[in-house]
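Descriptive analysis of the structure
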Amino acid sequence: MDRLLLADTPSLYFRAFHGVPRSVRAPDGMAVNAVRGLLDVLARQIVEVRPRRLVCCFDADWRPAFRVALIGSYKAHRVADATPDAAAGAGGVEEEVPDELAAQLPVIDAVLDAFGIARVEAAGFEADDVIGTLATRHSGRPGGGPVDILTGDRDLFQLVCDDTGVVVRYAVERFAVVDEASISARYGIPGRAYADFAVLRGDPSDGLPGVAGIGAKTAAALLGRFGSLRAILAALDAGGEGGFPAGARRRLTAARDYVDAAVAVVGVVRDVPLGPVADVLPVRPVDEVALAALAGRYGLGGSVDRLTMALATLAEGL
């Protein structure tokens, strides 16, 4: 199958940085725990998923202007200069990243390039938007196969679609496969309604407050009754109390401006202007000399070997 693996790279390297011991260091003492953790995740998932294609997606703008313009609190708590003026700003504001992690990011880029693994970002957009666009493009083209998304963020649950074979492999749960049935089981909502659920419930990790007085239970009840946020709002506009839990109509009416804005903030963009992507996985590193030099300089030998062997397993299916 022409299977595509999409990596939410910032999510993965942040998790690796906080999950792999800081004692994992290069010969010169530089921390390389995020680099090694990311490479090891990619190696394991390539062996397990056996994709034909892989793209490591990055944030060109982790806090895009179009989202901040709609909801100023969007990711404001993550701004490095957390003054009110900085938090109220739009794109281009620096994200708070530990120095030991920031130093590893150019190494990640260089190692992926030496392996020949595609790296993609798009000006003005987050990695989530790149992932949404590539997943939509791949699953919608003739001959397109399944899509597996590697992430530790629930935001991307909204892309799950059984009809097109898009699933999330959730890093928080040892890369458990999340499909529509598992979303329904987790949240008691229709399998494709996660974005609607997030709008109503909110997401403090992204600075999204949600509708005041409507938590996860009420949000799930509303979506279970109406099926989608669009249908909820249509019923709200139609008047009457039918189907609304006690107080929900009043709360939704009071928060209507927020809900309208949050739909565009929470929703992953699926039509980012991206050119062609050379995403076919090589069966061996494309620049072995550069890779060997990077492995030696940063003490990445074991992780580089594991990813090299993982790529070699793909040749068996060709």
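Structure's up top.
Residues numbered from 1 in each chain as written. Predicted model: local features only at pLDDT ≥ 70, side-chain atom pairs only at ≥ 80, totals over all residues. Heavy atoms only, no water.

**A closer look at helix α6 (residues 105–115)**
- For α6, the full list of buried residues reads Val 107, Ile 108, Val 111, Leu 112, Ala 114 and Phe 115. The buried residues of α6 occupy one face: seen down the axis, they fall within an arc of 160 degrees.
- Positive phi shows up at Gly 116, right after α6, with a value of about 85 degrees. (Buried < 20%, exposed > 50% of the residue type's maximum accessible area, 1.4 Å probe, protein only. Helix = DSSP H or I, 4+ residues; strand = E, 2+ residues; numbered from the N terminus. Arc of directions from axis to C-beta.)

**A look at the packing of helix α2 (residues 33–49) against helix α15 (residues 301–314)**
- The N-to-C vectors of α2 and α15 enclose an angle of 20 degrees; their axes lie 9 Å apart at closest approach. The angle between α2 and α15 falls in the class roughly parallel. Note that α2 runs across α15; the crossing there is left-handed. Taken together, the residues of α15 that come into contact with α2 (itself represented by Arg 36, Leu 39, Asp 40, Leu 42, Ala 43, Ile 46 and Val 47) are Ser 303, Val 304, Arg 306, Leu 307, Ala 310, Leu 311, Thr 313 and Leu 314.
- Here the contact of α2 with α15 is composed, by residue class, of 10 nonpolar, 2 polar and 3 charged. (Axes fitted to C-alpha atoms, helices over the stretch in contact; angles between N-to-C directions. Parallel < 35°, antiparallel > 145°, perpendicular 65-115°, else oblique. Left-handed = near helix turned anticlockwise from the far one by under 90°. Contact = heavy atoms within 4.5 Å. Nonpolar A, V, L, I, M, F, W, Y, C, P; charged D, E, K, R; others polar.)

**With respect to the side chain of Asp 40**
- Tracing the chain through its elements places Asp 40 in helix α2.
- Only 3.1 Å separates the side chain of Asp 40 from the side chain of Ser 303, close enough to count as a polar contact.
- In this view, Asp 40 contacts Ser 303 and Arg 306; residues no more than four positions away in its chain are not counted. (Polar contact = N/O pair within 3.5 Å; in protein donor to acceptor, adjacent residues only side chain to side chain.)

**Here's the deal with the pairing of strand β2 (residues 53–57)**
- When you tally the buried positions in β2, you get 5 out of 5 residues, the bulk of the element.
- Taking every second residue as pointing to the same face, both faces of β2 are buried, with Arg 53, Val 55 and Cys 57 on one and Leu 54 and Cys 56 on the other.
- Direction of pairing for strand β1 (residues 4–8) relative to β2: parallel, over a ladder of 5 bridges. Residue Ala 7 lies in a different strand from β2, and its bridge partner there is Cys 56.
- Note that β2 and strand β3 (residues 118–120) share 3 bridges and pair parallel. Residue pairing in the sheet places Val 55 in a bridge with Ala 118 of β3. (Pairing = 2+ DSSP bridges.)

**Let's talk about the sheet that holds β1**
- Sheet architecture is open: 6 strands sit in the order β3-β2-β1-β4-β5-β6, paired in mixed fashion. Of all the strands in the sheet, just β3 and β6 (176–178) have a single pairing partner and so form its edges. Taking the axes of each pair of neighbouring strands and ignoring which way they run, one obtains an average angle of 25 degrees across the sheet.
- Against the sheet, α2 engages β1, β2, β4 (147–151) and β5 (166–170), with an angle of about 155 degrees to β1.

**Here's the deal with the packing of aromatic side chains**
- The full count for this structure, using the stated rule, is 8 aromatic pairs.
- Ring plane angle 40 degrees and centroid distance 5.0 Å describe the contact between Phe 226 and Phe 244, whose orientation is recorded as tilted. Here the residue Phe 226 occupies a position in helix α10 (residues 216–226), and Phe 244 occupies one in the loop between α11 (229–238) and α12 (248–254), the gap between them amounting to 18 residues. Side by side, Phe 226 and Phe 244 carry an identical accessibility label, which is buried.
- Members of the aromatic cluster, connected to one another through ring pairs, are Phe 157, Tyr 170, Tyr 187, Tyr 194 and Phe 197.
- For Arg 225, the ring lying beneath its charged end belongs to Phe 226, and the centroid distance is 4.8 Å. (Phe/Tyr/Trp six-rings, centres within 6.5 Å; stacked < 30°, edge-to-face > 60°. Lys NZ or Arg CZ within 6 Å of the ring centre and 35° of its normal.)

**Re unusual backbone geometry**
- Of note in this structure, Arg 50 is not a glycine but carries a positive phi near 55 degrees.
- Topologically, Arg 50 is positioned in the loop between α2 and β2.
- Notably, Lys 75 is not glycine yet its phi reads approximately 55 degrees, a positive angle.
- Its relative accessible area of 7% is what places Lys 75 among the buried residues.

**Things to note about the nonpolar core**
- Leu 6, Ile 149, Leu 200, Phe 244 and Leu 252 are the most contacted members of the largest nonpolar core, which totals 62 residues.
- Residues Ala 26, Val 35, Leu 281 and Ala 310 belong to the second largest nonpolar core, which totals 42 residues. (Core = buried A, V, L, I, M, F, W, Y, C linked by side-chain atoms within 4.5 Å.)

**Topic: the environment of Gly 191**
- Here Gly 191 is to be found in the loop between α8 (180–187) and α9 (194–201).
- In contact with Gly 191, other than residues within four places in its own chain, are Glu 180, Ile 183 and Ser 184.

**Some thoughts on the pairing of β5**
- Extensive coverage of β5 is indicated by the burial of 5 of its 5 residues.
- Taking every second residue as pointing to the same face, both faces of β5 are buried, with Val 166, Val 168 and Tyr 170 on one and Val 167 and Arg 169 on the other.
- Sheet topology places β4 next to β5; 5 bridges connect them, and they run parallel. Note that in β5 the partner of Asp 148 across the bridge is Val 167.
- Bridge count for β5 against β6 is 3 bridges, and the pairing is antiparallel. Among the inter-strand pairings, Arg 169 is bridged to a residue of β6, identified as Val 177.
- Connecting the antiparallel pair β5 and β6 is a turn made up of 5 residues, with Arg 174 showing a positive phi of about 55 degrees.

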